[in-house]
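The chain contents come next:
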Protein chains: 2
Amino acid sequence: MAKHDPDLSLIFQALSDPTRRTMLARIGLGAVPVSELARPTGLALPTVMRHLSVLEEAALIRTEKTGRTRLCHARPETLAATADWMAEQRLIWEARSDRLEAYVANLIKDA
Amino acid sequence: MAKHDPDLSLIFQALSDPTRRTMLARIGLGAVPVSELARPTGLALPTVMRHLSVLEEAALIRTEKTGRTRLCHARPETLAATADWMAEQRLIWEARSDRLEAYVANLIKDA
DNA sequence: ATGTTACTTAGTCATATGGCTAAGCATGAC
DNA sequence: GTCATGCTTAGCCATATGACTAAGTAACAT
C-alpha cells in the first residue's frame, strides 16, 4: 500500500530548474526515450540522467527500460496533487484579499 | 512599466523549502512582522531574513518597513500565475492520458 | 565476433544554499 | 541621554546542485 504521498519539497525543487521544466513539458506530451530528451538540450548524457532522476524521485515521472533504451512517462497524479496545494493556498490568500477589500470599501462608504 | 512577469525558477525554488512554505502559509493569512514569523521556526533572525528575501525576490511576498518593524504581505498574483502554469501542464498531461485510455478502450472493444 | 548505440557509473569542480555567530544601526521607551 | 528592541550586515561553514570527462556495460546490427 501507501503510494507514499507527494513530497512538495522534492517536487518544487525538481520544478525549479528550467531545463527540467522543458524536459517535463516534453514528457507531458507523451513518453520519450532519454536520448531524445537529451538532444535539444545540448547537455552531456550523464547530466540529463541526473535531471531525470530528480524528476523521478519527485514522482513527476516514471521510467521504464526496454532493451537498451529507457522511456520516460509523465505521472499526472503528482502534478495534480501539487496543483491542489497551490489552489488551496490561492483560495486562502484571495479570501484574505477579499476581506481587506471589503474593509476598505466599508471605510470609503462611511467617509 | 512591465511588472516583470513571474520567474518560475525563482518561484519554485522559493517554494521548495518547507520552512519557507510554512512562513508563506502564515503570511497568506495576513500581514506579519518578521519577528513573529521567526518565533515559531526557532531559527536565527538572519536566517529568517534570508528566507524572506528569497520569497520577496520570487515576488511571492512584498515587505514594507514602518519604524523598526518590517511587515510581510502576500502577493496573490504571483501564486495565481504559478497555479496557471500548473493547470496548463495538468491539462496537457491529462489530455494525453485520456487519449491513451480511449486507445486502450478501443482495443478492448475490438477484441 | 565485432562494432555501434544507448545508457551507466565514478569521480571532479565551481557555485549555490541554508544554517550559524558577532557586530552594527536605527527607533521607540524611560 | 540611555537602553532595549527589531531588524541588518558581514562573514564563516557544511552540504547540495548542476555541469563535465572518462571509462564501463548491455543490447542490437552486421
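What counts, and where the lines are drawn
- Residues numbered from 1 in each chain as written.
- Chains lettered and ligands numbered in written order.
- Predicted model: local features only at pLDDT ≥ 70, side-chain atom pairs only at ≥ 80, totals over all residues.
- Heavy atoms only, no water.
- Phe/Tyr/Trp six-rings, centres within 6.5 Å; stacked < 30°, edge-to-face > 60°.
- Helix = DSSP H or I, 4+ residues; strand = E, 2+ residues; numbered from the N terminus.
- Buried < 20%, exposed > 50% of the residue type's maximum accessible area, 1.4 Å probe, protein only.
- Pairing = 2+ DSSP bridges.
- Contact = heavy atoms within 4.5 Å.
- Axes fitted to C-alpha atoms, helices over the stretch in contact; angles between N-to-C directions.
- Patch = residues over 30% accessible without salt bridge, like charges linked within 9 Å, V, L, I, M, F, W, Y side chains within 5 Å.
- Areas by Shrake-Rupley, 256 points an atom, 1.4 Å probe, with all protein chains shown as cover.
- Salt bridge = Lys/Arg side-chain N within 4 Å of Asp/Glu carboxyl O.
- Least-squares fit on C-alpha atoms with pLDDT ≥ 70 in both.

## A few points about the packing of aromatic side chains
For step 1, the next point in the chain: For the structure shown, the criterion picks out three aromatic pairs over all chains.
For step 2, the next point in the chain: Arranged with centres 5.9 Å apart and planes meeting at 20°, the rings of Phe12 of chain A and Phe12 of chain B form a pair that is stacked. Here Phe12 of chain A, found in helix α1 (residues 8-15), pairs with Phe12 of chain B, found in helix α1 (residues 8-15), and the two come from separate chains. Neither residue differs from the other here; Phe12 of chain A and Phe12 of chain B are each classed as buried.
For step 3, the next point in the chain: Summarising the aromatic geometry, the rings of Phe12 of chain B and Trp85 of chain B are spaced 5.5 Å apart at their centres and angled 65° between planes, so their arrangement reads as edge-to-face. Taken as a pair, Phe12 of chain B in helix α1 and Trp85 of chain B in helix α5 (residues 76-110) lie far apart in primary sequence, 73 residues in all. Each member of the pair, Phe12 of chain B as well as Trp85 of chain B, carries the same accessibility label: buried.
For step 4, the next point in the chain: Pairwise contacts between aromatic rings join Phe12 and Trp85 of chain A together with Phe12 and Trp85 of chain B into one cluster.

## Regarding the sheet that holds strand β3 (residues 69-74) of chain B
By way of backbone hydrogen bonds, the strands of a sheet pair with one another, either parallel or antiparallel.
Residue and element names in this part refer to chain B.
For step 1, the next point in the chain: If you trace the three strands from one edge of the open sheet to the other, you get β1-β3-β2, paired in antiparallel fashion. The open sheet has two free edges, formed respectively by β1 (32-33) and β2 (61-66), since each of these has just one partner strand.
For step 2, the next point in the chain: Across the sheet, helix α2 (residues 18-28) is in contact with β1, β2 and β3; its angle to β3 comes to roughly 85°.

## Brief notes about a nonpolar patch on the surface
For step 1, the next point in the chain: A surface patch of nonpolar side chains, amounting to about 290 Å² of accessible area, comprises Leu29 of chain A together with Leu91 and Ile92 of chain B.
For step 2, the next point in the chain: Mapped onto the elements, Leu29 of chain A comes out in the loop between α2 (18-28) and β1 (32-33).

## Some remarks on the relation of the copies chain A and chain B
For step 1, the next point in the chain: The two copies are related by a screw motion: chain A maps onto chain B through a turn of 180° and a shift of 0.0 Å along the axis, at an RMSD of 0.0 Å. The superposition of one copy onto the other is thereby described by a two-fold rotation axis. Residues of chain A ranked by C-alpha distance from the rotation axis are headed by Phe12 of chain A, positioned 2.5 Å from it.
For step 2, the next point in the chain: A high fraction, 100%, of the interface residues of chain A reappear at the interface in chain B, so the copies pair face to face through one surface.

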